[in-house]
Amino acid sequence: MNQEKIMELVLDHYENPRNYGTKEDSNVVYEGGNPGCGDIITIYMDIDSNGVVSGISFSGEGCMVSQAGTSMVLERMKGKTLSELEAMPADIVRETLGKKLVSTRPDCARLGFNTMKNAIKKWRRLKTLSSIEDSKET
Ligand code: FES
């Protein structure tokens, strides 16, 4: 896809973000941000018993690249397993948003992707803690 087409898509996702919305009762909620500018993204993720991400959405405030980039990248994450998402390389951001945008605005472009990765780490930590708690009770 050429850069012009990508910019059209970025604008469309900024004006009409996909998978946008808060869901506080999700299995994991994680807020990430760029300290340099204060922009934030919160990821809401539901994970079923087979480890499949059954629901994913985001909310946030910030520049066009961070918000549209999160919307576009999340489209590629729906229905994947946690293991697939953990293995997903950062290159997916460049594939989705184009080399030019990612090289000029790397922190903005990767905010959603990095927040998703941190959300999974948080969920793994919570699972580990709850299994330790469970083993103490038995
Ligand atoms: Fe803050 Fe883009 S300027 S994420």
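A few points on the structure. Because the structure is a prediction, the values reported are computed rather than measured.

1. Re the pattern of salt bridges
Opposite charge on two side chains permits them to pair, given that their charged atoms come into close proximity.
Here is step 1 of the chain: Tallying each qualifying case throughout the model produces nine salt bridges.
Here is step 2 of the chain: Between Arg-94 and Asp-91 there is a salt bridge; the shortest N-O distance is 2.8 Å. With Arg-94 and Asp-91 both in helix α4 (residues 91-97), this residue pair falls three residues apart, about one helical turn.
Here is step 3 of the chain: For Arg-94, a relative accessible area of 39% translates into the label partly exposed.

2. Quick word on the side chain of Ser-71
Here is step 1 of the chain: Residue placement: Ser-71 occurs in helix α2 (residues 64-75).
Here is step 2 of the chain: The residues contacting Ser-71, other than those within four sequence positions of it, are His-13, Pro-17, Arg-18 and Phe-58.

3. Some thoughts on the sheet that holds strand β3 (residues 53-61)
Here is step 1 of the chain: The strand order β1-β2-β3 describes an open sheet built from three strands, whose pairing is antiparallel. At either end of the open sheet lies a strand with only one pairing partner, and these are β1 (28-33) and β3. Averaged over all pairs of adjacent strands, the angle between their axes in this sheet comes to 15°, without regard to strand direction.
Here is step 2 of the chain: For strand β2 (residues 40-47) and β3, the ladder comprises eight bridges, and the chain directions are antiparallel. Among the inter-strand pairings, Tyr-44 is bridged to a residue of β3, identified as Ser-57.
Here is step 3 of the chain: Docked against the sheet, α2 engages β2 and β3, running at close to 175° with respect to β3.
Here is step 4 of the chain: Contacting β1, β2 and β3, helix α6 (residues 106-137) runs over the sheet at an angle of about 140° to β1.

4. Details of the side chain of Thr-70
Here is step 1 of the chain: Within the secondary structure, Thr-70 is located in helix α2.
Here is step 2 of the chain: Owing to a relative accessible area of 1%, Thr-70 belongs among the buried residues under this scheme.
Here is step 3 of the chain: Leaving out residues up to four positions away in the same chain, Thr-70 has contacts with Ile-41, Ile-43, Phe-58, Val-65 and Gly-112.

Calculation criteria
Residues numbered from 1 in each chain as written. Predicted model: local features only at pLDDT ≥ 70, side-chain atom pairs only at ≥ 80, totals over all residues. Heavy atoms only, no water. Salt bridge = Lys/Arg side-chain N within 4 Å of Asp/Glu carboxyl O. Helix = DSSP H or I, 4+ residues; strand = E, 2+ residues; numbered from the N terminus. Buried < 20%, exposed > 50% of the residue type's maximum accessible area, 1.4 Å probe, protein only. Contact = heavy atoms within 4.5 Å. Pairing = 2+ DSSP bridges. Axes fitted to C-alpha atoms, helices over the stretch in contact; angles between N-to-C directions.

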